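Structural overview
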Amino acid sequence: MSKIYIETYGCQMNFADSEIVASLLQKEGYGVTKEIAEADYVLINTCAIRDNAEQRIRKRLRELRAQQQHNPQLRIGILGCMAERLQSQLMVEEENVSFVVGPDAYRRLPELLRQVRTLGVKAAETELSTTETYDDIEPVRLNSNGISAYISIMRGCQNYCAYCVVPYTRGRERSRDPETIVAEARSLWQQGYKEVTLLGQNVNSYRWKDGENTVDFPELMRRVAEVSPRMRVRFATSHPKDLSDKLLEVMASYDNICKCIHLPVQSGSDRMLKLMNRHYDSAWYLDRIAAIRRYMPDCSITTDVIAGFCSETEEEHQMTLEMFSKVRYDYAYMFKFSMRPNTYAEKHLVDDVPDEVKTRRLEEIIALQGQIALENNQQEIGKTYEVLVEGESHRSKEQLFGRNSQNKVIVFDRHDVLPGQYVRVKVVRCTAATLIGELVDA
Ligand code: SF4
């Protein structure tokens, strides 16, 4: 039996896709190994969102040359966004790559692997689809803790934010049949999973037409939440322009829908938001934050932000800091702007904020956010939360960690608690990143 070894980089969508790839290849008789030394094929599922994500893959490919010297039969393939962006050019630039497969072409993998092995040729398949959702594929849960799993509910994006490669690497937006999503959630619950995360680039625009009826994202959330009141439901990612009161109402009315929303802000300046083609301004964004707080005062809010986008002034950077001070995020993914080939920004804008200015602005955002996260966590001291236990704490075997509904990590002494259990934990101390608690009851 030929064996595949899969390495995944980037966003949760890529991790979910790797599970689809494993399933497709297992059906064709391939084994999946966790030991690269046993592998006949190494599949690297890649990210193209920032230049340093791609540089990391290129470095990994150089490291893998040693592996190939050891095993000349080893074939390496690149999947995902970098494969789609660079297509067969990648096999010219990186000689040890034998095949390149884009995110909508994974069904062709078995055939491509056969070609590579039997004909000794290189192969590329990067055609994007307007219909592919892999909805009939039951993913193989790779590196699973048996507690939490991802469910892909849609693919692609057509928002065309000025800085983003995703619409070019993942194609047009398309939603998956809700019945297959609910069936996957039910099957996970029956296998003992306690938490599912519904994934899409912009889940709020999920839409499925079923004759006269339309299933939108709030309705889908309701259906998944009803699989079991003891199975937690999360989702990622929301676009602020589409975050509806209807969704907030559904979230508020089900205890098992987790009270945590990731709402990428990207900038606090209206001019920057327009230039980024985000389709909202700061007033709209703050209105959505107020709506979240109105429906769910205990909901945590996280975000993404870009420091130093094209032509960003000092004053506009200050507006981003003000936005952070107003919203008081619980967590933020913070990055310097990185120009990506073929995006609107690359074709029409100038990357004119000097790197040292971008770095300084980013550091200012990170420092402010660190302070806010710590203060937010200090407010949690004395509160008791239901925690879904995920495993052993990285610091000590004597402690376990889990998350509350707000997705905050809580560490506590293990007693005789097991991963996968729900327990109640009282918060007694904190850092900016972690809550430390005491077990109240199991
Ligand atoms: S919403 Fe914007 S940032 Fe997100 S994937 Fe689509 S184009 Fe990229």
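Residues numbered from 1 in each chain as written. Predicted model: local features only at pLDDT ≥ 70, side-chain atom pairs only at ≥ 80, totals over all residues. Heavy atoms only, no water.

Re the pattern of salt bridges
What counts here: Note on definitions: salt bridges are taken to be side-chain nitrogens of Lys or Arg within 4 Å of carboxyl oxygens of Asp or Glu. Every helix listed is a DSSP run of H or I at least four residues long, and every strand listed is a run of E at least two residues long, numbered separately from the N terminus. Relative accessible area decides the class of each residue, using a 1.4 Å probe on protein chains only: under 20% of the type maximum gives buried, over 50% gives exposed, and in between gives partly exposed.
Following the criterion strictly, the structure yields 45 salt bridges and no others. When the shortest N-O distance is used, the salt bridge between Arg360 and Glu314 registers 2.8 Å. One end of the pair, Arg360, is in helix 14 (residues 355-378); the other, Glu314, is in helix 12 (residues 314-327), and 46 residues separate them in sequence. Among the salt bridges present, the one from Glu314 reaches Arg361, with a minimum N-O distance of 2.9 Å. Here Glu314 is found in helix 12, whereas its partner Arg361 is found in helix 14, with 47 residues between them in sequence. Owing to a relative accessible area of 34%, Glu314 belongs among the partly exposed residues under this scheme. Each of the salt bridges in this network shares a partner with another, and the network as a whole consists of Asp17, Asp104, Arg155, Arg170 and Arg174.

A few points about the nonpolar core
What counts is decided by this rule: We call a set of buried residues a nonpolar core when its members are Ala, Val, Leu, Ile, Met, Phe, Trp, Tyr or Cys and they connect through side-chain atoms within 4.5 Å of each other. Contact criterion: two residues are considered in contact whenever any of their non-hydrogen atoms come within 4.5 Å of each other.
Counting 54 residues, the largest nonpolar core has Ile153, Leu198 and Phe217 as its most contacted members. Examining the composition of this core, we find that five residues originate from one element, helix 8 (residues 217-225), more than from any other. In this structure, Phe217 is in contact with Ile153, Leu198, Val203, Asn204, Tyr206, Phe235 and Leu247, ignoring residues within four places of it in sequence. By size, the runner-up hydrophobic cluster in this structure holds 22 residues, among which are Ile6, Val21, Leu24 and Leu112.

With respect to the domain arrangement of the chain
Test applied: The source of the domain bounds is an automatic or database domain assignment. Accessible area that two parts lose when put together, with a 1.4 Å probe and added across both, is what the buried area reports. Definition of a polar contact: a pair of N or O atoms within 3.5 Å, with one able to donate and the other able to accept a hydrogen when the atoms are protein atoms, and with sequence-neighbouring residues admitted only if both atoms are side-chain atoms.
Domain annotation of the chain identifies domain 1 (3-125), domain 2 (148-378) and domain 3 (384-441). Between the C-alpha centres of domain 2 and domain 3 the distance comes to 26 Å. Roughly 1400 Å² of surface becomes buried between domain 2 and domain 3 when both sides are summed, with 44% attributable to carbon and sulfur atoms. Among the residues of domain 2 in contact with domain 3, Arg230, Arg232 and Asn377 are the three that bury the most area, contributing 43% of the side total. At the junction of domain 2 and domain 3, the tally comes to two salt bridges. A salt bridge links Arg230 to Glu386, with the shortest nitrogen-to-oxygen separation between them at 3.3 Å. At the boundary of domain 2 with domain 3, the tally comes to 15 residue pairs in polar contact (both at pLDDT 80 or more). Residue assignment for the side of domain 2 that touches domain 3 shows that the elements contributing at least two residues are strand 13 (232-236) and helix 14. A total of six residues in the side of domain 2 that touches domain 3 trace back to one element, the largest contributor, which is helix 14.

Here we look at the side chain of Glu94
As for its position among the elements, Glu94 is in the loop between helix 4 (89-93) and strand 5 (97-101). The exposure class assigned to Glu94 is buried, which follows from its relative accessible area of 6%. Residues in contact with Glu94, not counting those within four places in the same chain, are Arg58, Leu61, Arg65 and Lys122.

Some remarks on the pairing of strand 5
Keep this limit in mind: The pairing criterion for strands is at least two bridges between them, as found by DSSP. When the strands point away from the viewer and the connection leading from the first strand across the helix to the second strand turns clockwise, the crossover is called right-handed.
Burial within strand 5 is extensive, with five of its five residues counted as buried. The pairing of strand 4 (residues 75-79) with strand 5 spans four bridges and is parallel. Bridging across to strand 5, Gly77 finds its partner in Phe99. Looking at chain direction, strand 5 and strand 6 (residues 123-125) are connected through three bridges and run parallel. If you follow Val101 over to strand 6, its bridge partner there is Glu125. Regarding the hand of the β-α-β motif, the stretch spanning strand 5, helix 5 (residues 109-119) and strand 6 is left-handed.

Examining the site of the ligand
Definition in use: Whether a residue is near a molecule or strand depends on its heavy atoms: if one lies within 4 Å, it is near. Throughout, the ten residues Ala, Val, Leu, Ile, Met, Phe, Trp, Tyr, Cys and Pro are labelled nonpolar, Asp, Glu, Lys and Arg are labelled charged, and all others, Gly among them, are labelled polar.
Residues in contact with the ligand, as listed here, are Cys157, Asn159, Tyr160, Cys161, Tyr163, Cys164, Val166, Pro167, Gln201, His239 and Arg278. Considering only residue class, the shell around the ligand consists of seven nonpolar, three polar and one charged.

Concerning the environment of Met323
Inspection of the secondary structure puts Met323 in helix 12. Its relative accessible area of 3% is what places Met323 among the buried residues. With 49 residues separating them in the primary sequence, Met323 and Lys274 have C-alpha atoms 16 Å apart. Once you skip the residues sitting within four places of it in the chain, Met323 turns out to touch Val265, Gly268, Ser282, Tyr285, Leu286 and Tyr329.

Things to note about the environment of Glu219
Structurally, Glu219 can be placed in helix 8. Judged by its relative accessible area of 19%, Glu219 is buried. Considering only alpha carbons, one finds Glu219 and Arg207, twelve residues apart in sequence, at a separation of 9.6 Å.

Brief notes about the packing of aromatic side chains
To keep things clear, this is the line we draw: Ring pairs are drawn from Phe, Tyr and Trp, using the six-membered ring of Trp, whenever the two centres fall within 6.5 Å, and their geometry is named by plane angle: stacked under 30 degrees, edge-to-face over 60, tilted for the rest. Consider the ring centre and the ring normal. A charge sits over the ring if Lys NZ or Arg CZ is within 6 Å of that centre and within 35 degrees of that normal.
Per the counting criterion, the structure on display carries ten aromatic pairs. Measuring from ring centre to ring centre gives 6.4 Å for Tyr41 and Phe99, while their planes differ by 70°; the resulting arrangement is edge-to-face. With Tyr41 in strand 3 (residues 41-46) and Phe99 in strand 5, this residue pair connects regions lying 58 residues apart in the sequence. The buried category is assigned to Tyr41, whose relative accessible area is 1%. Summarising the aromatic geometry, the rings of Phe217 and Phe235 are spaced 5.3 Å apart at their centres and angled 70° between planes, so their arrangement reads as edge-to-face. With a gap of 18 residues between them, Phe217 in helix 8 and Phe235 in strand 13 connect regions that are remote in the sequence. The rings of Tyr30, Tyr41 and Phe99 are connected pair by pair, giving a single aromatic cluster. Cation over ring: Arg230 sits above Tyr422, and NZ or CZ is 4.2 Å from the ring centre.

Some thoughts on the sheet that holds strand 14 (residues 260-262)
Applied cut-off: All axes are obtained by fitting lines to C-alpha atoms, using only the stretch in contact for helices, and the reported angles, taken between N-to-C directions, cover 0 to 180 degrees.
Read from one edge of the open sheet, three strands run 14-15-16, paired in parallel fashion. Each end of this open sheet is capped by a strand with a single partner; those strands are strand 14 and strand 16 (331-336). Here the strands of the sheet are splayed against their neighbours by 10° on average, with no regard to which way each runs. Note that strand 15 (residues 300-307) and strand 16 share six bridges and pair parallel. When the sheet's bridge partners are listed, Thr303 is paired in strand 16 with Ala332.

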